[in-house]
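Given next are the chains, with one letter for each unit.
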Amino acid sequence: MSTPILLAALGGLLTELSGVLNIALEGLMLIGAFFAILITQLTGSILLGCLGAAFSSALLAYIFGFVTLGFKANLFITGLGVNLFALGFTNYLSTIIFGSKGVIKFLDFPELFSFGNNNIFVYISLILTGLFVFLIYKTVFGLRLRATGFNASVAQIKGINSYNIQMKSILISGALSGLGGAAISLNLGAYVPNMIAGRGWIALVAIYLGRKHPIGILLTSIFFAGAVYFSNDAQGIFQVPADLLLGFPYLITFISMVIFSILKSKR
Amino acid sequence: MNFNKIGNSTKSTILALSSAVFLTIILLSVSSNNPLQSISYFFSGPFSNLYNFGNMLDKAGLLIFAGLGMSIAFRAGVFNLGGEGQVYAGATAAVIISISFDFPGKFTGIVTVISIGIIMGALIAGLSGFLRKQWDTDELISSFLVSGAIIHLADYLISSPFKDNSSFLNSTVKIPEILFLKQFLGSSHLNLSFFIAVIISFAAFIYLFRSTIGYESRLSGLNRKFADYGGIPVKRHFIIPMLISGGLYGAAGSFAVLGNFHMGIKGFTSGLGWNGIAVALIAGNNPAWVIPSALIFAYLDAGTQLAMIHSDLSFEFSNLIKAVIFFLITVRRFSIKKENPIG
């Protein structure tokens, strides 16, 4: 549903608030999706799969942050690098471990714990949303985070360790994106190459459309997910070809982005 | 001497390229049954015969177009991430126009088709540029999103209305022979487009470094506020660089169709968008260095492809190599300094 987007977007929100525009969400989600399937299959435990996903994405995010912050590399280029790396690495591992670059699906794969119509990820993400509101606006960490984002150099002078804050936010966003990716793959019970299909980017837009506030992001994620569902239904009703359907999420996100900018500039 | 934000650091370029080569060697050694043979294919493959050599040059030509476009965009401080879509759209438009109309003359036909491709790419990129100018919509994200949507649209066009049902590929019919660009090096794909690319790179250099408008563009990229106060019409330099880079991407796509593929195949231009960024970065965003950069990149690419084909390797590690290059090439400090926040 909207959960993967929400999870990734919340993580991205932290980095954005600290001043780091995280383009790598898509790649981090992909890594998470892959490792979730891999580790769940190896251990038989969904929990370990999720932890593995979060951990592996956080690791990649660490490298990303380290190169960007420590070695002063360009944020956007390294972000793109992460996305490319995720594509290549999952392809590589998939071939080496499973002997296939295609869809990975197992028999006897554990089912996701569900309550009512929603799986556990939905509840986790909702809890996290609330948690983040508290974290960002009511804790010292949140204050430092926002200060760093506002003007990192000044914050630095005032005694806040901006580097640490930004690194931490990058790590958390990595872990959450990995979780978001896990939400996608574990929900499906399989890994499909490039299954993130742009949702990492949608998460990025969701951060802006949600006015950089957790609740806003929650609403935006639901909106985007709803729009995608609607377009999926439309395939049945209007006989829209499959290829065009795949382009819909991008289109919807794009149009939302434009409308948002227009509204924002008229303010 | 001032360098733009992305900058031009030879050390990081050398670091990035040598790491890429190093990584390739490691990957080949680890995954191949015959590492030495694979590695030798990697290094010498592209030069081993006219076919490989010609194809490498042909690819380099396309990369030159892409890299020039991105250099101009980067210098203006504009991020065109929609390259993939712009190339594919330009190529698809070229194919569609080629197979849908009768062309009386070779020259007029080719010029028309290429122009359509350029316009297609320019419009798509220009849209993002316009949105940035008008409503401050982040062009990085918008260009990527538009590209994402366009790619699927083009996929659809090639797979459905224009599909050649007699072919087992997901492809269109062949374009009319009259529009082919003559291939002249053995059976390789090398054609006129490479030389046109070289000429365009001179034009790009003159534009960027020897003209007023290029100067304005560069200054806008270096410090937009400063340029604005200095009287430069910075708004223009959101749209113009996007139009140019989109147009060049579209040109690359069209030339690929006319000179190389001679038809539309689903996904046939994939990677060129990202490679264009890589080439521009390796060239330090300087048109003067785009030709060698494109050649180096084409060489690495061809080398890995040949090594993979001849070694029975089944995975694509070009993305991993590109990732390494992307990671390292914008590094500006070579010792770890932990007080380096962004902003």
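Whatever comes next refers back to the structure up there.
From a predicted model like this one, the values you see are computed outputs, not experimental measurements.

*Asks:* So what exactly am I meant to see when it comes to the overall build of chain A here?
*Replies:* When its secondary structure is counted, chain A shows 11 helices and 4 strands. Scaling as 2.2 N^0.38, a compact globule of 267 residues should have a C-alpha radius of gyration of about 18 Å, and chain A matches this with 18 Å. Expressed along its principal axes, the backbone C-alpha trace of chain A runs to roughly 55 × 45 × 35 Å. Within chain A, the fraction of its 267 residues that count as buried is 57%. Counted over contacts in chain A with a minimum sequence separation of 6, partners at least 24 positions apart contribute 76%. With 14 positive and 6 negative side-chain charges, chain A shows a separation of 23 Å between the mean positions of the two kinds.

*Asks:* Please clarify how the side chain of S98 of chain B should be interpreted in this entry.
*Replies:* Residues and elements named next belong to chain B. Inspection of the secondary structure assignment puts S98 in helix α4 (residues 83-100). The exposure class of S98 is buried, given its relative accessible area of 0%. Not counting chain neighbours up to four residues away, the residues in contact with S98 comprise F103, V113, I175, P176, L179 and L258.

*Asks:* Honestly, the packing of helix α8 (residues 212-222) of chain B against helix α10 (residues 236-261) of chain B in this entry has me stumped. Any pointers?
*Replies:* Pairs of packed helices are described in terms of their axes, by the angle between the two and the distance that separates them. All names here are of chain B. Closest axis-to-axis distance for the α8/α10 pair is 10 Å, and the angle between their directions is 110 degrees. Compared by their axis directions, α8 and α10 come out roughly perpendicular. Two secondary-structure elements touch here, α8 through I213, E216, S217 and S220 and α10 through R236, H237, I240 and P241. Looking at the contact of α8 with α10 residue by residue, the class counts come to 3 nonpolar, 3 polar and 2 charged.

*Asks:* What am I meant to see in the packing of helix α11 (residues 242-265) of chain A against helix α6 (residues 139-159) of chain B here?
*Replies:* Contact geometry of α11 of chain A with α6 of chain B gives a least axis separation of 8 Å together with a crossing angle of 155 degrees. Put simply, α11 of chain A runs roughly antiparallel to α6 of chain B. Note on packing geometry: the crossing formed by α11 of chain A with α6 of chain B is left-handed. Side by side, α11 of chain A and α6 of chain B meet where D243, L244, L246, G247, Y250, L251, T253, F254 and M257 of chain A of the first sit next to I141, S142, F144, L145, V146, G148, A149, H152, L153, D155, Y156 and S159 of chain B of the second.

*Asks:* How should I be thinking about unusual backbone geometry in this particular structure?
*Replies:* Although it is not a glycine, R211 of chain A sits at a positive phi angle of roughly 55 degrees. With respect to the helices, strands and loops of the structure, R211 of chain A is situated in the loop between α9 (199-209) and α10 (214-238). On the basis of relative accessibility, which here comes to 55%, the residue R211 of chain A falls in the exposed class. Positive phi values are uncommon outside glycine, yet N285 of chain B reaches one of about 55 degrees. Take N285 of chain B: it is sitting in the loop between α11 (272-282) and α12 (287-311). With relative accessibility at 0%, the residue N285 of chain B sits in the buried group.

*Asks:* Mind showing me how you'd approach the pattern of salt bridges here?
*Replies:* Charged atoms that come close allow side chains of opposite charge to pair. All chains considered together, the criterion is met by 3 salt bridges over all chains. Note that K212 of chain A and E16 of chain A form a salt bridge whose closest N and O atoms lie 3.1 Å from each other. Of this pair, K212 of chain A sits in the loop between α9 and α10 while E16 of chain A sits in helix α1 (residues 3-17); the two residues are 196 residues apart in sequence, bridging distant segments of the chain. Linking R132 of chain B and D136 of chain B is a salt bridge whose minimum nitrogen-to-oxygen distance equals 3.1 Å. Shared partners join several salt bridges into a network, and the residues in it are R132, D136 and E139 of chain B.

*Asks:* Would you explain the interface of chain B and chain A in this entry?
*Replies:* Interface size is often expressed as the accessible area that is lost when the parts come together. Residue-level contacts link 52 residues of chain B with 55 residues of chain A. Each partner contributes to the roughly 4,700 Å² buried at the junction of chain B and chain A, and carbon and sulfur atoms together form 77% of this total. In this assembly, chain B and chain A are joined by 0 salt bridges. If you look at where chain B meets chain A, you find 2 residue pairs in polar contact (both at pLDDT 80 or more). Elements with a minimum of two residues in the side of chain B that touches chain A: α1 (10-31), α5 (106-135), α6, α11 and α13 (318-329) of chain B. A total of 13 residues in the side of chain B that touches chain A trace back to one element, the largest contributor, which is α6 of chain B. A per-class count over the side of chain B that touches chain A returns 30 nonpolar, 12 polar and 10 charged.

*Asks:* Could you clarify how one ought to interpret the packing of aromatic side chains in this entry?
*Replies:* The description of an aromatic ring pair rests on the distance of the ring centres and on the angle between the ring planes. Residue and element names in this part refer to chain A. Overall, the coordinates contain 20 aromatic pairs over all chains when judged by the stated rule. Note on F34 and Y191: the rings are 5.0 Å apart at their centroids and 80 degrees apart in plane angle, and the pair reads as edge-to-face. Note that F34 is positioned in helix α2 (residues 25-43) and Y191 in strand β4 (residues 190-191), a separation of 157 residues in sequence. What makes F34 buried here is its relative accessible area of 1%.

So, how was this worked out
- Residues numbered from 1 in each chain as written.
- Chains lettered and ligands numbered in written order.
- Predicted model: local features only at pLDDT ≥ 70, side-chain atom pairs only at ≥ 80, totals over all residues.
- Heavy atoms only, no water.
- Helix = DSSP H or I, 4+ residues; strand = E, 2+ residues; numbered from the N terminus.
- Rg over C-alpha atoms; globule rule 2.2 N^0.38 Å.
- Buried < 20%, exposed > 50% of the residue type's maximum accessible area, 1.4 Å probe, protein only.
- Contact = heavy atoms within 4.5 Å.
- Lys, Arg positive; Asp, Glu negative; His and termini not counted.
- Charge placed at Lys NZ, Arg CZ, Asp CG, Glu CD.
- Axes fitted to C-alpha atoms, helices over the stretch in contact; angles between N-to-C directions.
- Parallel < 35°, antiparallel > 145°, perpendicular 65-115°, else oblique.
- Nonpolar A, V, L, I, M, F, W, Y, C, P; charged D, E, K, R; others polar.
- Left-handed = near helix turned anticlockwise from the far one by under 90°.
- Salt bridge = Lys/Arg side-chain N within 4 Å of Asp/Glu carboxyl O.
- Buried area = accessible area lost by both parts, 1.4 Å probe.
- Polar contact = N/O pair within 3.5 Å; in protein donor to acceptor, adjacent residues only side chain to side chain.
- Phe/Tyr/Trp six-rings, centres within 6.5 Å; stacked < 30°, edge-to-face > 60°.

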